[in-house]
Structure formats: C-alpha cells, structure tokens
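Examining the three-dimensional arrangement
Each chain is listed here by its residues.
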Amino acid sequence: MPFGRAGARLAGMKVLALLMAVFLWLLGGLFFLAAAAPEAAAAGKVLPRVAVGGLLVACGTVLLVAGLRVGRGAAAGSPGSLDPGGRTAQEPPGALGLKALTCPHCGGQADAATVKVGSEGTMTVTCGYCHAVYLVQEEPKW
Ligand SMILES: [Zn+2]
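Topic: the overall build of the protein chain
Along its length, the protein chain carries 5 helices and 3 strands. Listing the helices and strands of the protein chain from first to last along the sequence gives α-α-α-α-α-β-β-β. Within the protein chain, the proportion of its 142 residues that are buried is 13%. Once local pairs closer than 6 in sequence are excluded, the contacts in the protein chain between residues at least 24 apart make up 50%.

Set out below in structure tokens:
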C-alpha cells in the first residue's frame, strides 16, 4: 500500500524534525546559560553566546514549523492525491458516458458496471441481456 508507506515516511520525518528542534533548543538553552554565567561577563563572551543560542533556538523553531507542516500535509492529502497514477489511470475514461449505451445486437441497455479495461487500455462492455461482449471506444457511437 503506497499511501501507508508514504505516510509512515512523513511521520518519521516529522518525528526527526521535532527531535532535532528539541535538541537545538536544548543546545541554545545551554548557550544562554553559559552567557548568563559570571565568567562569561568577565571574559566578554555574553553577546556571542546569546547570538549562538538565539541562532540555535531559531533553527529549532524553523525545524518544528517544517515538521508540523509535513504532518499537516500528510493528514490533509487523500490517498488519491498521493497516488495519481494508480487507481485514477485504471478507471475507464468513458465510464460516465456508458450510462445510456444500448446493445447494437439486442437493443438492451448495456451495464456500465460490466466495463472491463484490458491490458492495452481497451475497454469492453458486456450486454446484460444477450451477454455479448463489445469493444468500447473512448467516444462510443452506439
Ligand atoms: Zn445485447
């Protein structure tokens, strides 16, 4: 199931981004603590440490926002939108147009539910009355 695999991968990316964000926040917090230490003021390292700490926290925040966006995108996306070439391509293009088809052999109404798509994209429909199988073009003329 491709959707499940993609969802798991997105969830993994989200967890990774959140973990990285927490890690960067902790590291940034350490720099803030170091900046507040008395020896930092004595050595004149308060500003650089605050700058680095702020940068780390900012990076962590960006990662968190990105991670949340990934999660939201996965939740909002439907299986169809994530797998556009799969089920949609298998659907008969003229399925809706088959509603009022009549069998050229017996005049009965062909059932759209009997439409089958062949390996080369050809469509066949089975008459519900005489059970004859007909090849259907994309724009049926009968
Ligand atoms: Zn028929």
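Okay, back to it.
Things to note about the pairing of strand β3 (residues 133-136)
Note: strand β2 (residues 123-126) against β3, 4 bridges, orientation antiparallel. Within the sheet, the bridge partner assigned to methionine 123 lies in β3 and is valine 136. Joining the antiparallel neighbours β2 and β3 is a turn of 6 residues, in which histidine 131 adopts a positive phi near 60 degrees.

Points about the environment of cysteine 106
For cysteine 106, the position within the fold is in the loop between α5 (87-90) and β1 (116-117). Leave out the neighbours within four places in its chain, and cysteine 106 touches Cys127, Tyr129 and Cys130.

Focus: the sheet that holds β2
Spatially, β1-β2-β3 is the arrangement adopted by the 3 strands of the open sheet, whose pairing is antiparallel. What marks the edges here is a single partner per strand, and that holds for β1 and β3.

Comments concerning unusual backbone geometry
Of note in this structure, histidine 131 is not a glycine but carries a positive phi near 60 degrees. Structurally, histidine 131 is set in the loop between β2 and β3. With 11 C-beta atoms counted inside 10 Å, the residue histidine 131 sits in the exposed group.

Procedures and definitions
Residues numbered from 1 in each chain as written. Predicted model: local features only at pLDDT ≥ 70, side-chain atom pairs only at ≥ 80, totals over all residues. Helix = DSSP H or I, 4+ residues; strand = E, 2+ residues; numbered from the N terminus. Buried ≥ 20, exposed ≤ 12 C-beta atoms within 10 Å, placed from the backbone. Contact = placed C-beta atoms within 7 Å. Pairing = 2+ DSSP bridges.

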